[in-house]
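Single-letter residue listing:
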2 protein chains.
Amino acid sequence: MASSTEENYLKALYNLSNGQGEVNISDLANGLKVSMPTANSMVKSLQKSDWVIYEKYKPVILTPKGQKEAALIVRKHRLTEMFLVKKMGFGWEEVHEVAEQIEHIHSPKFFDRMDEMLGYPTIDPHGSPIPDNQGRMKEFSYTPLSACKPGQEVQLTALTNSSAEFLEFLNSRKLSLGVHLKVISREAYDQSIVVSYPDHPIETLSEKASERLLVRILE
Amino acid sequence: MASSTEENYLKALYNLSNGQGEVNISDLANGLKVSMPTANSMVKSLQKSDWVIYEKYKPVILTPKGQKEAALIVRKHRLTEMFLVKKMGFGWEEVHEVAEQIEHIHSPKFFDRMDEMLGYPTIDPHGSPIPDNQGRMKEFSYTPLSACKPGQEVQLTALTNSSAEFLEFLNSRKLSLGVHLKVISREAYDQSIVVSYPDHPIETLSEKASERLLVRILE
DNA sequence: CAAATTTGTTAGATTGTTCTAACTTATTAC
DNA sequence: GTAATAAGTTAGAACAATCTAACAAATTTG
């Protein structure tokens, strides 16, 4: 069984995996806020337990076993976030830290009951998909708001970044998942986007913000 | 801030404290399933952080700071047990292990919300008192069923032992907190006690079991 | 392509938590 | 009240997870 530390490494590798599923030691070290030698030695030990494939000077790759393990930790994290928001009255900007701790709890029943009480959700409070209990996850292909054209009507569906600061920014603009937005215009000089939505006839969103808002385009 | 390991030592010291509030190293080691040298060295380090008073060859004593810290961990444990039983459909025999893990979560809001959702309970699913958020705990003085006399009517109120095996034994006899029992007789030769309660006109309980059942005597 | 930069590795130390073996102090029993 | 037993301590080692300093490989850049 993986220690909490090992679980954190697996999760980081899972989240940092690109198309090839490869992760650099420096990105891993960075993501976990540890030194490169620390990441390096941990990767060697993960390899011994068959969680990753690793060769000197090559990027790290999760094995199928490692991928599944990581997905199940992500599952526990996202179920927990949903539970905290839907059942315990937390704001979506408050759940990350607690979920980082609760994801390491070993109790299938605890998470199965959350799942059941939530009606088997497929996304977390930030729109990220929740892997199923086999570690499989549906990939969604959403469009960043930054890529939308004036005149388009879209629905806010997910976020690419869920930092507390960004979530509080969205709160202050009354932007939550599900909101219908109409793209009014886009400023050519700074790529900011002007949108309109219920109770907010005109709202300007910076390029930085609009890149992080994922939308589904309506007819 | 205490590590999870330190929190476990504080909790063990709290639970093992007798009237004098003193705990032997060997009892501590035993309770935590570690060797005596391990317990010894940990106690020395707890002393450095002012959680305990300790002198060579003397029993360990929690400082007021240590007592409060320990009580707050016990609070988190017992609130969690109550939450799992009342809100998440766990049986009272299933909650201990999970609560042992969740008690180390650092999130005042998480436990405050449990408390609120439960209506500020004062006892856990096994009848043990829940310390308040200042670490204060009401002491109840219940009578063990083993000390009751034939003819007495009592109400099952708490347990001195909450092992899964004992709880499953109680489940099999349909004995739960709140049940009204009438003491029918007591066998002189083995101190077993015969009781009667709804749907169980005659049930014999061994001395071992009846010592662990705490009751409130009804008029 | 050679120099500069970035990335990755090794060596060695540190901290926390644990152990066993050997020894000492305290307690119990005759 | 000494001898046997129990309880407690010290010393020394091990493992996990971390660090810094120094060095090596790979990549980027002029």
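So, here is what we can say about the structure in this document. (Residues numbered from 1 in each chain as written. Chains lettered and ligands numbered in written order. Predicted model: local features only at pLDDT ≥ 70, side-chain atom pairs only at ≥ 80, totals over all residues. Heavy atoms only, no water.)

1. Let's talk about the protein's contact with DNA strand D
As a reminder of what qualifies: A molecule or strand has a residue near it when one of that residue's heavy atoms lies within 4 Å. Throughout this description, a polar contact denotes any pair of N or O atoms lying within 3.5 Å of each other; where both atoms belong to protein, one of them has to be capable of donating a hydrogen while the other can accept it, and for residues adjacent in sequence the pair is counted only when both atoms sit in side chains. Helix and strand definitions here come from DSSP, where helices need a minimum of 4 consecutive H or I residues and strands a minimum of 2 consecutive E residues; each element is numbered from the N-terminal end. Throughout, the ten residues Ala, Val, Leu, Ile, Met, Phe, Trp, Tyr, Cys and Pro are labelled nonpolar, Asp, Glu, Lys and Arg are labelled charged, and all others, Gly among them, are labelled polar.
The full set close to DNA strand D counts 20 residues, and A:Thr38, B:Ser26, B:Asn40, B:Lys44 and B:Tyr54 are the nearest of them. Taking the atoms of DNA strand D that fall within 4 Å of the protein, sugar and phosphate contribute 73% of them. Between A:Ser3 and DNA strand D, the recorded distance is 2.7 Å, taken from a side-chain N or O atom to a phosphate oxygen. Between DNA strand D and the protein, one listed contact pairs a phosphate oxygen with a backbone N or O atom of A:Ser35 at 2.9 Å. Those elements that provide at least two residues to the surface near DNA strand D are α1 (4–16) and α3 (36–48) of chain A together with α2 (25–32) and α3 (36–48) of chain B. Of the residues contributing to the surface near DNA strand D, the split by class is 10 nonpolar, eight polar and two charged.

2. Details of helix α5 (residues 95–102) of chain A
For clarity, the threshold we go by: Only protein chains enter the accessibility calculation, which uses a 1.4 Å probe; a residue is then buried when its area is under 20% of its type maximum, exposed when over 50%, and partly exposed in between. Arc definition: directions from the helix axis to the C-beta atoms. Should any heavy atoms of two residues lie within 4.5 Å, those residues are counted as being in contact.
The complete set of buried residues in α5(A) reads A:Val95, A:Val98, A:Ala99 and A:Ile102. Looking straight down α5(A), one finds that the buried residues subtend no more than 100 degrees of arc, so they occupy a single side. Check the buried side of α5(A) and you find it contacts α4 (64–88) and α6 (108–117) of chain A together with α6 (108–117) of chain B.

3. Describing the relation of the copies chain B and chain A
The following threshold applies: When the copies are superposed, the least-squares fit takes in the C-alpha atoms of residues with a pLDDT of at least 70 in both.
The transform that puts chain B on chain A rotates by 180 degrees and translates by 0.0 Å along the axis, for an RMSD of 0.1 Å. Both copies are brought into coincidence by an operation consistent with a two-fold rotation axis. Judged by C-alpha distance, B:Ile102 is the residue of chain B that lies nearest the rotation axis, at 3.7 Å.

4. Quick notes on the packing of aromatic side chains
Stated precisely, the cut-off is as follows: Working definition: a ring pair exists when centres of Phe, Tyr or Trp rings (six-membered ring for Trp) sit within 6.5 Å. Plane angles under 30 degrees give stacked, over 60 give edge-to-face, the rest tilted. For a lysine, the NZ atom is tested; for an arginine, the CZ atom; a charge sits over a ring if that atom is within 6 Å of the ring centre and within 35 degrees of the ring normal.
Applying the stated criterion across every chain yields a total of seven aromatic pairs over all chains. Seen from their ring centres, A:Phe140 and A:Tyr142 are 5.4 Å apart, and the 5 degrees between their planes marks the pair as stacked. One Lys or Arg, A:Arg212, reaches over the ring of A:Phe166 and ends 5.7 Å from the middle of that ring. The ring centre of B:Trp51 lies 4.3 Å from the NZ or CZ of B:Lys65, which sits over that ring.

5. Some points on the pattern of salt bridges
Pairing between side chains becomes possible if they bear opposite charge and their charged atoms approach one another. The criterion, for reference: What counts as a salt bridge is simple: a side-chain nitrogen of Lys or Arg found within 4 Å of a carboxyl oxygen of Asp or Glu.
All told, the structure shown has 18 salt bridges over all chains when counted by the stated rule. Taking the shortest distance from any N to any O, the salt bridge between A:Arg173 and A:Glu203 comes out at 3.2 Å. Separated by 30 residues along the polypeptide, A:Arg173 in the loop between α7 (164–172) and β6 (180–186) and A:Glu203 in strand β8 (residues 200–205) bring together distant segments of the chain. Residue class for A:Arg173 comes out partly exposed when judged on its relative accessible area of 25%. The closest approach of N and O atoms between B:Lys11 and B:Glu103, which form a salt bridge, is 2.9 Å. Of the two residues, B:Lys11 sits in helix α1 (residues 4–16) while B:Glu103 sits in the loop between α5 (95–102) and α6, which places them 92 residues apart along the sequence. Here B:Lys11 matches B:Glu103 in class, with each residue buried. Three or more residues joined by partner-sharing salt bridges are found here, namely A:Lys11, A:Glu100 and A:Glu103.

6. Description of the protein's contact with DNA strand C
In the neighbourhood of DNA strand C, 20 residues make up the surrounding shell, with A:Asn40, A:Lys44, A:Tyr54, B:Ser3 and B:Thr38 lying closest. Near the protein, meaning within 4 Å, the atoms of DNA strand C are sugar or phosphate in a fraction of 73%, with bases accounting for the rest. Between DNA strand C and A:Tyr57, the relevant distance is 2.9 Å, taken from a phosphate oxygen to a main-chain nitrogen or oxygen of the residue. Separating a phosphate oxygen of DNA strand C from a side-chain N or O atom of B:Tyr9 is a distance of 3.0 Å. Elements with a contribution of two residues or more to the surface near DNA strand C: α2 (25–32) and α3 of chain A together with α1 and α3 of chain B. Of the residues in the surface near DNA strand C, the class split is 10 nonpolar, eight polar and two charged.

7. Re the side chain of B:Ser192
All names here are of chain B. As for its placement among the helices and strands, serine 192 is situated in the loop between β6 (180–186) and β7 (193–197). At a separation of 2.9 Å, a polar atom in the side chain of serine 192 contacts the side chain of aspartate 190. Residues within four places of serine 192 in sequence aside, it is in contact with Ser185, Arg186, Glu187, Thr204, Leu205, Ser206 and Glu207.

8. Some points on empty space enclosed by the protein
Under the convention used in this document: Residues are called lining when one of their atoms sits within 4 Å of a cavity or pocket point, these points coming from a 1 Å grid over the protein atoms alone, where a cavity is a set in which a 1.4 Å probe fits but cannot get out and a pocket is an open set with protein on both sides within 12 Å along at least five of seven lines. Grid points are joined across faces, edges and corners, and a volume is the space filled by probe spheres set on the points.
For the structure on display, the rule yields one cavity of 30 Å³ or more. Looking at the largest cavity, its volume works out to about 30 Å³. Lining the largest cavity we find A:Phe83, A:Met88, A:Phe110, A:Met114, B:Phe83, B:Leu84, B:Ile102, B:Phe110 and B:Met114. Breaking the lining of the largest cavity down by element, the ones donating at least two residues are α4 and α6 of chain A together with α4 (64–88) and α6 of chain B. Its residues placed into classes, the lining of the largest cavity shows nine nonpolar, no polar and no charged.

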